[in-house]
Amino acid sequence: KRVLPITFTPHLGRGEKAMKTLIWTLQALQSNIIGQLSLYQNEIIFDNHGKFTENEHFQILKESLEIFQAS
């Protein structure tokens, strides 16, 4: 199976060990890891309706998901 591991943590540095462990586990399961993405809460902004506000980090997430769907 192809996977795109994503962490979404409060700030830089958090979730690094979790991501490494997840990658090791996925490799042991012979998953097709197409990339990995670490996002932080201060980078992803939501509007009053709970929708993403488009910015550079939103574009990275959007493009990563598009690549995942296309592969």
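Here the structure is shown first, and the text comes after it.
Draft legend 1. Spotlight on the side chain of Glu 43. Inspection of the secondary structure puts Glu 43 in the loop between strand S4 (37-40) and strand S5 (45-46). Buried charge Glu 43 goes without a salt bridge, the closest partner of opposite sign being Arg 14 at 14 Å. Not counting chain neighbours up to four residues away, the residues in contact with Glu 43 comprise Ser 38, Asn 55 and His 57.

Draft legend 2. Representation of the environment of Gly 15 within the structure. Topologically, Gly 15 is positioned in the loop between strand S2 (6-9) and helix H1 (16-28). With a relative accessible area of 23%, Gly 15 lands in the partly exposed category. A C-alpha to C-alpha distance of 8.1 Å links Gly 15 and Ser 38, two positions 23 residues apart in sequence. Excluding anything up to four places from it in sequence, Gly 15 contacts Thr 7 and Thr 9.

Conventions adopted
Each chain has its residues counted from 1, following the order in which its sequence is written. At least 70 in pLDDT is required for a residue's local features to be given in this predicted model, at least 80 for side-chain atom pairs to be given and counted, and no such filter applies to totals for whole chains, interfaces and linings, which use all residues. Calculated side-chain values reflect all of the structure's heavy atoms, with hydrogen atoms and water omitted. Helix numbering and strand numbering both begin at the N terminus, where a helix is a DSSP run of H or I of at least 4 residues and a strand a DSSP run of E of at least 2. Residue burial is assigned from relative accessible area. The probe radius is 1.4 Å, only protein chains are included, and a residue is buried under 20% of its type maximum, exposed over 50%, and partly exposed in between. Under the counting rule used here, the positive set is Lys and Arg, the negative set is Asp and Glu, and His together with the chain ends is not counted. Each salt bridge in this description consists of a side-chain nitrogen of Lys or Arg and a carboxyl oxygen of Asp or Glu lying within 4 Å of one another. Only heavy atoms matter for contacts: two residues are in contact if any of them lie within 4.5 Å across the pair.

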